[in-house]
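Chain by chain, the residues:
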Amino acid sequence: MVFYSKKAKAEAKARRKKKASTTDGTTTAPSQEETAGADDIVIAPLPSSEKPARGFKIVSSSSASSSSASASSSASSSASSPPPTILPIAQKITIPSTLSTQEAKIFRKKRRREAREGNEPTPEFTSLAQQQEEQEQEAIEDEQRKKKRKSYPNLNELAKIQQLDEEQEKKEAKEAKEERKKVKAKVELSVEEKQNYVGLDCEMVGVGTDGKQSALARVSITDYDGNVILDTHVHVQERVTDFRTHVSGVRAKDLKGRGASVGVISVKECQKLVFGAVDGKILVGHALSNDFKALLYTHPKHLVRDTSRYKPYMRASGSGGGKLRPRKLRDLAKEKLGLEIQVEGEEHDSVDDAKAAMELYKFDREAWEGMLALKTKNQRKKKALTHG
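Residues numbered from 1 in each chain as written. Predicted model: local features only at pLDDT ≥ 70, side-chain atom pairs only at ≥ 80, totals over all residues. Heavy atoms only, no water.

1. So, the packing of helix 13 (residues 350–363) against helix 14 (residues 365–387)
Next up, step 1: For the pair helix 13 and helix 14, interaxial distance at closest approach is 5 Å and the crossing angle is 75 degrees. By the angle between their directions, the pair helix 13 and helix 14 is classed as roughly perpendicular. Listed contacts from helix 14 to Tyr 361, Lys 362 and Phe 363 of helix 13 are Arg 365, Trp 368 and Glu 369. (Axes fitted to C-alpha atoms, helices over the stretch in contact; angles between N-to-C directions. Helix = DSSP H or I, 4+ residues; strand = E, 2+ residues; numbered from the N terminus. Parallel < 35°, antiparallel > 145°, perpendicular 65-115°, else oblique. Contact = heavy atoms within 4.5 Å.)

The following block contains the structure:
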């Protein structure tokens, strides 16, 4: 529907009157083209999506005709344009791993020929090894991407992990303790066999101008079950310049016989008691060479069980191996037995050290004695070969 403005209507009315005056009285209804000139304004309805409150917009007649022409031309062009073509995807073919190089070449050639005959795109070839390499490469890239991601710790998670670690340590310590009890019950010796073992530990004080020279100050000997056989202080003939109390636990009053724990005897008397207690028996201790030096004593090598020289109880000097070094008695007792001795800031006790050394020997006694028996057997065999 086309609407005309008041001005257009007035001009059309004037033209009709003028035309009527020149004719014999007959009138004809003007057409839309006659009544609306080039400069006439046509009011066209708005589309439903753009309608304002009144529902109309004013456009020129020329623009309206041009817009309708362009719409009809676009519709005809869209109807005449062909639909888009879909290109076929090249097929990916896996070459069987059982084929030789020549057979694989023939296989590829045959598949290409079949694709040409069927008007199909040239196929892509791959092998199982290549697929495996691609998968490995993808896995490596995924791992690298995961590493690049920054992960921020959660305090609750860290606390939970720490708690789980502590519980695990307690559980492992409990299991190790029960295992030690089982082993101890399994390899328990008779009373007669136990009498062949004694534990020894000595404490020294410093003498000389700088206090670096050592002198015997206390001797402790225990039996296989940890009962004390001998525990006494020794009178030092030279002037003591360093009592080493923080390590030895020895004070000046102890060497004068006024100590509350044990008495004091001369060096000769001490040597006599020690030699009688250890003669012909297996002597157990830690770093026994220092004790032998202070006592001016040597014990048969095959009867010495030194926990500082037992290879399974030693550690390598370097991270990747190297020369074996002895470990501290305190660390071994903590790790193997769960015992706390030589606590930091407290004085050492030679009785406790002798007991700990004996317990360490008992902890791995069967393996220790087996190693010694094998070593002795090899030495005898070598000796027989050299003399033979």
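2. Section: the packing of aromatic side chains
Next up, step 1: With the rule as written, the count across this model stands at 8 aromatic pairs.
Next up, step 2: Their ring planes at 40 degrees and their centres at 5.5 Å tell us that Tyr 197 and Tyr 361 sit as a pair that is tilted. Here the residue Tyr 197 occupies a position in strand 5 (residues 197–207), and Tyr 361 occupies one in helix 13, the gap between them amounting to 164 residues.
Next up, step 3: For Tyr 197, a relative accessible area of 8% gives the class buried. (Phe/Tyr/Trp six-rings, centres within 6.5 Å; stacked < 30°, edge-to-face > 60°. Buried < 20%, exposed > 50% of the residue type's maximum accessible area, 1.4 Å probe, protein only.)

3. Observations regarding a negative patch on the surface
Next up, step 1: Together, Asp 165, Glu 166, Glu 167, Glu 169, Glu 172, Glu 175, Glu 178 and Glu 179 give the surface a local cluster of negative charge.
Next up, step 2: Relative to the assigned elements, Glu 178 resides in helix 6 (residues 155–186).
Next up, step 3: By relative accessible area, Glu 178 is classed as partly exposed at 40%. (Patch = residues over 30% accessible without salt bridge, like charges linked within 9 Å, V, L, I, M, F, W, Y side chains within 5 Å. Areas by Shrake-Rupley, 256 points an atom, 1.4 Å probe, with all protein chains shown as cover. Salt bridge = Lys/Arg side-chain N within 4 Å of Asp/Glu carboxyl O. Lys, Arg positive; Asp, Glu negative; His and termini not counted. Charge placed at Lys NZ, Arg CZ, Asp CG, Glu CD.)

4. Concerning the pairing of strand 6 (residues 213–223)
Next up, step 1: Of all the 11 residues making up strand 6, 8 are buried; the element is thus mostly covered by neighbouring parts of the structure.
Next up, step 2: Bridge count between strand 5 and strand 6: 10 bridges; the pairing is antiparallel. The residue bridging Val 207 from the neighbouring strand is Gln 213, located in strand 6.
Next up, step 3: Hairpin connection of strand 5 to strand 6: 5 residues between the antiparallel strands, including Gly 208 at a positive phi of 95 degrees.
Next up, step 4: By the bridge criterion, 5 bridges tie strand 6 to strand 7 (residues 228–234) in an arrangement that is antiparallel. Each residue of the ladder has a partner; that of Val 219, found in strand 7, is Thr 232.
Next up, step 5: Turn length for the strand 6-strand 7 hairpin, with the two strands adjacent in sequence and antiparallel, is 4 residues, and the turn residue Gly 226 shows positive phi of about 90 degrees. (Pairing = 2+ DSSP bridges.)

5. Here's the deal with the side chain of Glu 203
Next up, step 1: Its place among the elements puts Glu 203 in strand 5.
Next up, step 2: An unpaired buried charge is present at Glu 203: no salt bridge exists, and Arg 218, the closest side chain of opposite charge, is 6.5 Å distant.

6. Looking at a nonpolar patch on the surface
Next up, step 1: Together, Leu 155, Leu 158 and Ile 161 line one region of the surface with nonpolar side chains, adding up to about 310 Å² of accessible area.
Next up, step 2: Its place among the elements puts Leu 158 in helix 6.

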